[in-house]
Amino acid sequence: MKSKIFFTSALAGLLMLSSCSDFLEQTNTTQANGSTFYDSDAAVDAGVYPLYNYCWNNFNNKFSWAVGDGRSNNITAQYSDYVKFYCNFTETSLTEGLEEAWGALYLVVSSSNNVINDIARSEGPSEQAKLRGTAEARFMRGVAYWYIGSIWGRAILYTDTKVQQKNAICPAHRQTDVMEFAIRDLEFAAAHLPKAQSQAGRVTCYSAYGLLSRVYLSMAGLTTDGEYDGTNIATDYNRGTRNPYYLDLAKKAALKCIEGPYSLMPEYGDLFELATQNNNSESVFQLQFMQGDPQGAMGFGCNNQMTAFFGWSTMVADGNWGGSTFASYDLVKTYDPKDRKRRHATICTFGETYDKFGEYRVADDPALGDKTGREQCNIIKHVYGTHAYNGQTYLHNSGANAYMMRLAEVYLNLAEAVLGNNPNTTDETALTYYNAVRQRAGMETKRVINYDDIHYERRIELAMEGQYWYDLLRRSYYKRQEVLNFVNSQNRNCSYVWDETEPCQYAFKEEGKGVSTATEARFTFPFSDVDQTRNPQLSGEPVAYGFGDREVSIAELYN
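Residues numbered from 1 in each chain as written. Predicted model: local features only at pLDDT ≥ 70, side-chain atom pairs only at ≥ 80, totals over all residues. Heavy atoms only, no water.

On to the sheet that holds strand E1 (residues 75-76). Taken together, the four strands give an open sheet; going across it, the order is E1-E5-E9-E6, and neighbouring strands pair in antiparallel fashion. Both outer strands of the open sheet, E1 and strand E6 (347-348), are each paired with one neighbouring strand and no more. Summarising the sheet, strand E5 (residues 326-327) and strand E9 (residues 377-379) pair through two bridges and their orientation is antiparallel. Along E9, the bridge assignment pairs Phe-326 with Asn-378. (Pairing = 2+ DSSP bridges. Helix = DSSP H or I, 4+ residues; strand = E, 2+ residues; numbered from the N terminus.)

Given below as structure tokens:
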């Protein structure tokens, strides 16, 4: 069995390397193949596992937060080439990260397709194992397509990588079709994944329901009324309402997820401690990265590199590339002064003491020179201390899994779905779960909530976890001008300095340089020059995808 795991890991690494030159190109230098590899139930489990780490690596390490938090102005990075263009609305087809992210997400898609098709052709595993492995792969493919459809506003949809390789020059499919494709994958996963897995961290049916609650909310803004059929695509982005059909499904999916084994971690800060982050009670879906030295026997690509991009001092991390990546002033001043727990666990502020690094105070850090942490706040999530301190982290590997969805988000998805098109709500179910998130943070409960209340919770609760841009994007599907006004009013890429007289303890210092005014065109990203050269039809008019009959009925999922 060890040899099968090794081959699976090696093949995933080869796929990742080939994706840098062409996201459809595949190179297999071994004699093993899919039809012979999946010869047992254990082989199915091993073959699916790279979809939890290797395939996502080039998306997770930089692009996920450069877009999720940089684009939304949770992060300011005046001097960081792989973030500042996204922060400033000035990215072009040549901007670093676009090609890598497109390739990484399509590595998930193409690898998932291969797993699905190879399992279908295999004869050794039990039917139960084959269905479980197929459902896991479709879960991953659905999540990847949600990201592609959200970021680029279109995608090339396909289910057989080998066939697609022969037809690589083709138009992309419409955004609504991409969302529908993702929904069908996740609904299949919800119907066929088990309630519990034998291995910690593997997704279950409840994970699929959780992700469905997110994707349904996207679809609610992209369509007008009823189940999507290709004719009910919304064209008025300022109509002010969402499709009630998908709002109701988002509510049902969230409630199904909540029925699962998850619970909020008692302390917010423990979500981001090495001892309590991996596969904890709140994790609905995490990328399963490995611990250990990535330059040793483990191999590169299954390691979580984010700690190197956020570490700012030799006292807090072995890699220190985060010296010019800060929490934005807009985020810092958004925190309610009472919201101390979440701020403390998210950003590093002057005067605070952080036990996470052994009673560290940025004010006393000699590595910061004359600034001593007074100017701007570094990001403490994803930073865990040095190897000498914790015995686990390395330069390019924190040893921590990466959150893709937490239960707290599902709670807030539920509240948003219940609020729907209403100005506010006093619904007891929505309030129960909304207030659970606030109570954990030490905040007072509320008896009535509106969009602004949910917006605040989503931004603060999930800050630096790569989700805030998608919250704004989802709002832009039906209240576009409101979102444009909001993002253009933010203090983007500005500098700020410690000032105890200010409510947020920091004061504005200087305007950001090179910031462009956001326009409607900036709600999607350009394709890289490389990808457009490979497929000149990519940026043309998107086309409809030919869906067959639904495999899973809504009644079956939510009875």
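Moving on from the coordinates now.
The next point concerns empty space enclosed by the protein. Using the criterion set out here, one finds four cavities of 30 Å³ or more in the structure. Considering only enclosed or pocket space, the largest cavity measures out at about 240 Å³ in volume. The wall of the largest cavity is formed by 24 residues, among which Asn-60, Tyr-403, Met-404, Glu-465 and Gly-466 lie closest to the centre. Residue assignment for the lining of the largest cavity shows that the elements contributing at least two residues are helix H4 (57-71) and strand E10 (402-406). (1 Å grid on protein atoms, 1.4 Å probe; cavity = no way out; pocket = protein on both sides within 12 Å on 5 of 7 lines; lining within 4 Å. Points joined across faces, edges and corners; volume = space filled by probe spheres on them.)

Right, let's talk about the nonpolar core for a bit. The biggest cluster of nonpolar side chains holds 160 residues, and the ones touching the most others in it are Trp-56, Tyr-145 and Trp-152. For Trp-56, the residues in contact, after removing those within four places along its chain, are Leu-51, Leu-105, Val-108, Met-140, Val-143, Ala-144, Tyr-147, Leu-287 and Met-404. In terms of nonpolar packing, the next biggest core, distinct from the first, is built from six residues, Tyr-268, Leu-271, Phe-272 and Tyr-403 among them. (Core = buried A, V, L, I, M, F, W, Y, C linked by side-chain atoms within 4.5 Å. Buried < 20%, exposed > 50% of the residue type's maximum accessible area, 1.4 Å probe, protein only. Contact = heavy atoms within 4.5 Å.)

Here the focus is the environment of Glu-375. Its location among the elements puts Glu-375 in the loop between strand E8 (360-361) and E9. We classify Glu-375 as partly exposed; its relative accessible area is 30%. In this structure, the C-alpha to C-alpha distance between Glu-375 and Val-497, residues 122 residues apart in sequence, is 4.4 Å. In this structure Glu-375 touches Phe-326, Tyr-496, Val-497 and Lys-509, once residues within four positions along its chain are discounted. For Glu-375, the side chain forms a polar contact with the side chain of Lys-509, separated by 3.1 Å. (Polar contact = N/O pair within 3.5 Å; in protein donor to acceptor, adjacent residues only side chain to side chain.)

What follows deals with the pairing of E10. Across the five residues of E10, five count as buried, placing the element largely inside the fold. Bridge analysis of strand E4 (residues 283-287) against E10 gives four bridges, and the strand direction is antiparallel. Across the sheet, the residue bridging to Ser-283 is Arg-406, located in E10.

Between its first and last C-alpha, helix H11 (residues 244-258) extends 21 Å over 15 residues, near the 21 Å set by a 1.5 Å rise per residue. Three or more residues of H11 are buried, namely Tyr-246, Leu-247, Leu-249, Ala-250, Ala-253, Ala-254, Lys-256, Cys-257 and Ile-258. In this structure, the buried residues of H11 make contact with helix H9 (175-192), helix H10 (205-222), E4, helix H17 (407-419), helix H18 (428-440) and helix H23 (554-558). At the N-terminal end of H11, a side-chain oxygen is found 3.0 Å from the backbone nitrogen of Tyr-245, two or three residues along, and the residue is Asn-243. (Expected span 1.5 Å × (residues − 1).)

Before going further, it helps to spend a moment on unusual backbone geometry. Of note in the backbone geometry, Asn-73 takes a positive phi value of approximately 70° without being a glycine. With respect to the helices and strands, the residue Asn-73 is situated in the loop between H4 and E1. Despite not being glycine, His-382 shows a phi value in the positive range, around 80°. Within the element layout of this structure, His-382 appears in the loop between E9 and helix H16 (387-390).

The next subject is the packing of aromatic side chains. According to the stated counting rule, one finds 44 aromatic pairs in the structure shown. Its end group placed over the ring of Trp-146, Arg-214 keeps NZ or CZ at 5.0 Å from the ring centre. (Phe/Tyr/Trp six-rings, centres within 6.5 Å; stacked < 30°, edge-to-face > 60°. Lys NZ or Arg CZ within 6 Å of the ring centre and 35° of its normal.)

A separate point is the pattern of salt bridges. Taken as a whole, this structure holds 46 salt bridges when the rule is applied. With its nearest N and O atoms 3.4 Å apart, the salt bridge here joins Arg-534 to Glu-99. Pair noted here: Arg-534 is in helix H22 (residues 529-534) and Glu-99 is in helix H6 (residues 98-121), with a separation of 435 residues, a long-range link. Overall, the relative accessible area of 24% leaves Arg-534 in the partly exposed class. Between Lys-513 and Glu-510 there is a salt bridge, and its shortest N-O distance comes to 2.9 Å. Residue Lys-513 is classed as exposed on the basis of its relative accessible area of 60%. Among the residues examined, Glu-510 registers a relative accessible area of 39% and is labelled partly exposed. (Salt bridge = Lys/Arg side-chain N within 4 Å of Asp/Glu carboxyl O.)

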